[in-house]
Amino acid sequence: MVVDRTKSTAFMKKDDRGEKRVRSGTTTSVNMSSANPLYYAAVPKPQLVTLDAKTAKESHIDTVMEIDGRFLDGIGSGCYPGYLGNDFKLFGKPALLYRKFTQDLLDQMVKHAKQAPKRASVLNGRNGAGKSAELLKAASVAASSGHIVIYAHSAITWVNSSRPYAPQSSSDMFTQPELTTELLRSVSLVSGNALARVPLGKEIALGKKKSLDATKTLADLVNLGLQTPSLAHSVLENLLEVASTQTKVPVLLAIDDVNSLWCNTLYRDQSDNILPANRLRLISTMLPFFEGKQTLARGWVLGAASYSDLRFMPKDLNKRLNPPPMIPLANAELSKDLVAFPPTELPFDVIPMGTISAIETWALMHFYHKTNVIASPITKALAGKRWLAASGNPRRIFAGVTSYF
């Protein structure tokens, strides 16, 4: 059996200075000409079609495709949702399966690029169903289509107290200028050309001495926020206000871990009280779009729910997203009891994500074999067994074939 990439630190080699140096197959390059082939194998890099606006078509369904490197550079190195960063390292490139579900999702995005729906949409499904992967693919294709893309790969980092925050003067709100500046930088890098096409249309005053006249563009607005981080929140708010009302360029507002917008955060106020998410200015800027209070003229507001950390999944929201099956009651009046039967209405539309098909599992496992994640030849029987054992869950299928790593 060939071990493709070992993480063992037992391979020690003294350098010219006589010091020991750890060599790992995943973090340091290995001289393959002298490496023991029983322990090391070159990381294969199969040629894949890059997923963009031109290649996102039905003929590529059930094909593993590479995510556009320009988009990934724009959102930031290592800014991948969930486990995808580790997956991409293992594959040697950022690659995801183009599914029938992906095609349907992108067809909706094309439709909404002409006229936005009145309500946001949220991808919902079990852990490992592929919600984050679908949101990432949608954002990447939207960027290559010329949309203004505002993509957040993990809203949990907005609420888990891992980033700086500060109270806002003369208000009960709290600011996160560092996080907001990073989001603006991502928007600028991913959608710079699209931003430059949209004029402000009115004078925008930012602070006491900063202002932009009506002839300036959204690109100028975002650049001002990057140059002056203290204005980042105001810039983001004005960006969303102008972008949501203009009809020149479609907009995609895509937020992963979107349930975090309604949770109790791990931050605390000056009195040591827990901060609800809506007291963070960054989140309060996004909430109206997911609660139907603010809409886009062209484009789509799309989120993905996450159950990886239930601290940030409000119980009430969880029940509304996953209501128990209802049985018709003999007493119709009983169904009106809000205690026994709490309301299940949501301010957004839910797009359910089910399991992947056996054919999709076959396509995935062939890709795993090409990248040496699986050494054994792929047969229909093997793919079928993995599919059944994992109940069609893509993350569980991947975990099953990499359990020896």
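So, here's what we can say about the structure. (Residues numbered from 1 in each chain as written. Predicted model: local features only at pLDDT ≥ 70, side-chain atom pairs only at ≥ 80, totals over all residues. Heavy atoms only, no water.)

### A few points about helix 8 (residues 281-290)
1) Next: The element helix 8 is extensively covered by neighbouring structure, given that nine of its ten residues are classed as buried.
2) Next: Residues of helix 8 that are buried include every one of R281, L282, I283, T285, M286, L287, P288, F289 and F290, and no others.
3) Next: After helix 8 finishes, the residue G292 shows a positive phi value of roughly 75°. (Buried < 20%, exposed > 50% of the residue type's maximum accessible area, 1.4 Å probe, protein only. Helix = DSSP H or I, 4+ residues; strand = E, 2+ residues; numbered from the N terminus.)

### Quick look at the pairing of strand 12 (residues 251-256)
For a regular strand, side chains alternate in direction, first toward one face of the sheet and then toward the other.
1) Next: Extensive coverage of strand 12 is indicated by the burial of six of its six residues.
2) Next: Taking every second residue as pointing to the same face, both faces of strand 12 are buried, with V251, L253 and I255 on one and L252, A254 and D256 on the other.
3) Next: Of the strand pairs in this sheet, strand 7 (residues 148-152) and strand 12 are connected by five bridges, and their pairing is parallel. Of the residues in strand 12, the one forming a bridge with Y151 is A254.
4) Next: Both strand 12 and strand 15 (residues 299-304) contribute to a ladder of six bridges, which runs parallel. (Pairing = 2+ DSSP bridges.)

### Observations regarding the packing of aromatic side chains
1) Next: Under the defined criterion, the tally for this structure stands at ten aromatic pairs.
2) Next: With centroids separated by 5.9 Å and ring planes inclined at 85°, the aromatic side chains of F91 and F398 adopt a geometry described as edge-to-face. One end of the pair, F91, is in helix 2 (residues 84-91); the other, F398, is in helix 12 (residues 394-401), and 307 residues separate them in sequence. Taken as a pair, F91 and F398 share a single burial class, namely buried.
3) Next: Members of the aromatic cluster, each reached through a chain of ring pairs, are F91, F367, Y368 and F398. (Phe/Tyr/Trp six-rings, centres within 6.5 Å; stacked < 30°, edge-to-face > 60°.)

### Side note on the pattern of salt bridges
A pair can form between side chains of opposite charge whenever their charged atoms are brought close.
1) Next: Overall, the coordinates contain 16 salt bridges when judged by the stated rule.
2) Next: Here D87 makes a salt bridge to R395, at a shortest N to O gap of 2.6 Å. With D87 in helix 2 and R395 in helix 12, the pair connects residues that are 308 residues apart, well separated along the chain.
3) Next: Since its relative accessible area comes to 7%, D87 is described here as buried.
4) Next: Residues R320 and D316 are paired through a salt bridge, measuring 2.9 Å at the closest nitrogen-oxygen approach. Of this pair, R320 and D316 both sit in helix 9 (residues 315-321), four residues apart, roughly one helical turn.
5) Next: Salt bridges here are not isolated pairs; linked through shared partners, they connect R163, E178 and E182. (Salt bridge = Lys/Arg side-chain N within 4 Å of Asp/Glu carboxyl O.)

### As for the packing of helix 5 (residues 177-196) against helix 7 (residues 232-245)
Two packed helices can be described by the angle between their axes and the distance between those axes.
1) Next: One can describe the packing of helix 5 onto helix 7 by two numbers: an axis separation of 9 Å at closest approach and a directional angle of 40°. Relative to helix 7, the element helix 5 lies oblique. Where helix 5 crosses over helix 7, the two elements pack in a sense that is left-handed. Along its contact with helix 5, which presents P177, T180, T181, L183, L184, V187 and L195, the element helix 7 presents A232, H233, V235, L236 and L239. (Axes fitted to C-alpha atoms, helices over the stretch in contact; angles between N-to-C directions. Parallel < 35°, antiparallel > 145°, perpendicular 65-115°, else oblique. Left-handed = near helix turned anticlockwise from the far one by under 90°. Contact = heavy atoms within 4.5 Å.)

### Digging into the sheet that holds strand 3 (residues 50-51)
Hydrogen bonds between backbone groups are what pair the strands of a sheet, and the pairing can be parallel or antiparallel.
1) Next: Within the open sheet, the three strands sit side by side as 3-4-5. Their pairing is mixed. Each end of this open sheet is capped by a strand with a single partner; those strands are strand 3 and strand 5 (95-98).

### Some thoughts on helix 5
The α-helix winds at 3.6 residues per turn, so residues separated by three or four positions along the chain end up facing the same way.
1) Next: With 20 residues, helix 5 ought to run about 28 Å at 1.5 Å a step, yet its terminal C-alpha atoms sit only 23 Å apart, falling short of that.
2) Next: Maximum bend of helix 5: about 75°, positioned at V190.
3) Next: Among the residues of helix 5, L179, T180, T181, L183, L184, S186, V187, S188, V190, S191, A194 and L195 are the ones counted as buried.
4) Next: Residues of helix 5 that are buried sit in contact with helix 1 (69-75), helix 4 (131-144), strand 7, helix 6 (218-227), helix 7 and helix 8. (Expected span 1.5 Å × (residues − 1). Bend = angle between axes of the 7 residues up to and from the residue.)

### Regarding the sheet that holds strand 6 (residues 121-124)
1) Next: Spatially, five strands are ordered 7-12-15-6-16 in an open sheet, and the strand pairing comes out parallel. Of all strands in the sheet, those with a lone pairing partner are strand 7 and strand 16 (349-352), marking the two edges. The mean angle between the axes of side-by-side strands here comes to 20°, regardless of whether they run parallel or antiparallel.
2) Next: Of the strands in this sheet, strand 6, strand 7, strand 12 and strand 15 touch helix 4, which is tilted by about 155° from strand 12.

### Some details on the side chain of S260
1) Next: In this structure, S260 sits in the loop between strand 12 and strand 13 (264-268).
2) Next: Assessed through its relative accessible area of 0%, S260 is described here as buried.
3) Next: Each residue touching S260, except ones within four places of it in the same chain, is listed here: A155, I156, V159, A277, I283 and F312.

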